[in-house]
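Fold and geometry: a report
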Amino acid sequence: MKDAENLFAELLHHRLSKLAPGDAIIPAIQPASVFLTPSAGSNAPYQYGRFHNPTWTETEAALALLEGAEVITFPSGMAAVAATLITQTKAGDRVLMPSDGYYASRLIAERFVGRFNVTIVQRPTARFLDGGFDGFALVIAETPSNPGLDVCDIAAVAQAAKAAGAVFAVDNTTMTPLGQRPLDLGADLVISSDTKAINGHSDALFGHIATRSASIAAEVGDYRKYTGPIPSPFDTWLVHRGLETLEVRFSRMTGSAATLAERLQAHRKVKGVRYPGLPGDPAHAVAKRQMASFGFMLGVDLGSASAADRFIDDCRLVQSTTSFGGIRSSGERRAKWGDPVPEGYVRLAVGCEPLEPLWRAMDATLDSL
Ligand SMILES: Cc1ncc(COP(=O)(O)O)c(C=O)c1O
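Residues numbered from 1 in each chain as written. Predicted model: local features only at pLDDT ≥ 70, side-chain atom pairs only at ≥ 80, totals over all residues. Heavy atoms only, no water.

Right, let's talk about the overall build of the chain for a bit. When you go through the chain residue by residue, the secondary structure sums to 12 helices and 12 strands. Here the chain has a C-alpha radius of gyration of 21 Å; the compact-globule value for 369 residues is 21 Å, and the two agree. Along the first, second and third principal axes, the C-alpha atoms of the chain reach 75 × 55 × 35 Å. Counting across all 369 residues of the chain, residues that qualify as buried make up 55%. A fraction of 69% describes how many contacts in the chain between residues 6 or more apart in sequence connect residues 24 or more apart. With 35 positive and 39 negative side-chain charges, the chain shows a separation of 3 Å between the mean positions of the two kinds. (Helix = DSSP H or I, 4+ residues; strand = E, 2+ residues; numbered from the N terminus. Rg over C-alpha atoms; globule rule 2.2 N^0.38 Å. Buried < 20%, exposed > 50% of the residue type's maximum accessible area, 1.4 Å probe, protein only. Contact = heavy atoms within 4.5 Å. Lys, Arg positive; Asp, Glu negative; His and termini not counted. Charge placed at Lys NZ, Arg CZ, Asp CG, Glu CD.)

So, in structure tokens, the structure goes:
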């Protein structure tokens, strides 16, 4: 995507205009909890560590550039999901969520937000438009959904949800702004778990909300300021560093995923592959319209739980981890967590290994099953 490439080139130099000779070219980690606020200084830009932090300012500026929106960072993706649910609902409201998205988002909505007379309704991502959005205060989509990799039409949902008076949020974790830009397609806010590809190095939990609505940004900012789900300055710094290589990593990961999807589909031990980039995939038509690339995640059905477990355990270049988006390829059999996918379905997150060694390792492991 040309726009995202230009933004990324700018992102790498975004601090330059603020630097004086002798300044460090990378941001500093500022762990201070308190800042000097003399009596004449009530407008000091930094006062107390729960309100602001100079390292947050740096990382939020970089993410804001990439999102084309105001960004509020959080200590995890779930903190960003919770902030969305809490700031965008009130007693008596109905919220629509995907029945096949990340399970913890549904769990916190039902178990905690539901206590405050907020009704949570679920709908599968592939049929997200069915039934319309009348009566919903908040609609949250996750596309492609984790782990099933179904997609919904973001522009169509945005139009219908807004006509019905709902706030429309998209969890864009599986794509990042380089692969898909929900705000450009009409979403009111984007949720991201930056623990995944944005940071990419499996060494920090992090999240953010991006929005072009000044009122949503102010509400979410106040929510963080007063309730306290704040990211640590060190993690914030790590994410700034990880973000700087996102474009290179994403391009390797998505390029490899596209090739691996085709090769895996043709392998005699593989029963089926879900990947929005495959022309025969049920998600392909919508994905082609709204995604700049088809992502780095694949769903590989190996037919049985034992074959899937053996593949993940035995493949030398696929790590068994319950996350995705890191530089190392990883796999997980998601049915073990109760996700609505076949027993032998492996969620494969393609990493940054050079393609051919990665394929050889996968191919050899599949042959041995
Ligand atoms: C789509 C999606 N959203 C949100 C989250 C939560 O992010 P975190 O683990 O950073 O809290 C995850 C985690 O896997 C996810 O996959």
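There's plenty left to go through after this.
A few words on the domain arrangement of the chain. Domains assigned within the chain are domain 1 (2–243) and domain 2 (246–368). Look at where the C-alpha atoms of domain 1 and domain 2 centre, and you get two points 26 Å apart. Contact with domain 1, which involves 37 residues of that partner, is made by 31 residues of domain 2. If you sort the residues of domain 1 by the area they bury against domain 2, Pro147, Leu149 and Lys196 come out on top, with a joint share of 22%. Linking domain 1 to domain 2 there are 2 salt bridges. For the pair domain 1 and domain 2, the number of links is 14 residue pairs in polar contact (both at pLDDT 80 or more). At the level of secondary structure, the elements contributing two or more residues to the side of domain 1 that touches domain 2 comprise α1 (2–12), α4 (103–111), α5 (154–163), α6 (176–179) and α8 (233–243). (Domains from an automatic or database assignment. Buried area = accessible area lost by both parts, 1.4 Å probe. Salt bridge = Lys/Arg side-chain N within 4 Å of Asp/Glu carboxyl O. Polar contact = N/O pair within 3.5 Å; in protein donor to acceptor, adjacent residues only side chain to side chain.)

All right, on to the sheet that holds strand β7 (residues 207–211) then. Adjacent strands of a sheet pair through backbone hydrogen bonds, lying either parallel or antiparallel. In spatial order, the strands read β1-β7-β6-β5-β4-β2-β3; together these 7 strands make up an open sheet with mixed pairing. Each having just a single partner strand, β1 (70–74) and β3 (119–123) make up the two edges of the open sheet. For this sheet, the mean angle separating the axes of adjacent strands, direction not counted, is 20°. Relative to β7, strand β6 (residues 189–193) runs antiparallel, the two sharing 5 bridges. Looking at the pairing, Ile191 lines up with Ile209 of β7. Docked against the sheet, helix α3 (residues 77–87) engages β1, β2 (94–98), β4 (138–142), β5 (167–171), β6 and β7, running at close to 155° with respect to β6. (Pairing = 2+ DSSP bridges. Axes fitted to C-alpha atoms, helices over the stretch in contact; angles between N-to-C directions.)

We now examine the site of the ligand. Inspection of the region around the ligand gives 14 residues, with Met78, Asn146, Asp171, Ser193 and Thr195 positioned closest. Take Gly77: an N or O atom from its main chain is 2.8 Å from an oxygen atom of the ligand. Here Asn146 contributes a side-chain N or O atom positioned 2.8 Å from an oxygen atom of the ligand. In isolation the ligand offers 390 Å² of accessible surface; the protein chains occlude 93% of this area. Of the residues assigned to the shell around the ligand, the class counts are 5 nonpolar, 6 polar and 3 charged. (Near = heavy atom within 4 Å. Areas by Shrake-Rupley, 256 points an atom, 1.4 Å probe, with all protein chains shown as cover. Nonpolar A, V, L, I, M, F, W, Y, C, P; charged D, E, K, R; others polar.)

Running from amino to carboxyl end, α3 crosses helix α7 (residues 214–227) at an angle of 115°, the nearest separation of the two axes being 10 Å. Comparing their axes, α7 and α3 come out roughly perpendicular. For the pair α3 and α7, the crossing hand works out as right-handed. Where α3 approaches α7, its residues Ala82, Ala83, Ile86 and Thr87 are matched on the opposing element by Glu219, Val220 and Tyr223. Broken down by class, the residue content of the contact of α3 with α7 amounts to 5 nonpolar, 1 polar and 1 charged. (Parallel < 35°, antiparallel > 145°, perpendicular 65-115°, else oblique. Left-handed = near helix turned anticlockwise from the far one by under 90°.)

Looking now at the side chain of His284. Relative to the elements of secondary structure, His284 occurs in helix α10 (residues 284–290). The buried category is assigned to His284, whose relative accessible area is 13%. Excluding its chain neighbours within four sequence positions, the residues that come into contact with His284 are Pro276, Gly277, Leu278, Pro279 and Phe294.

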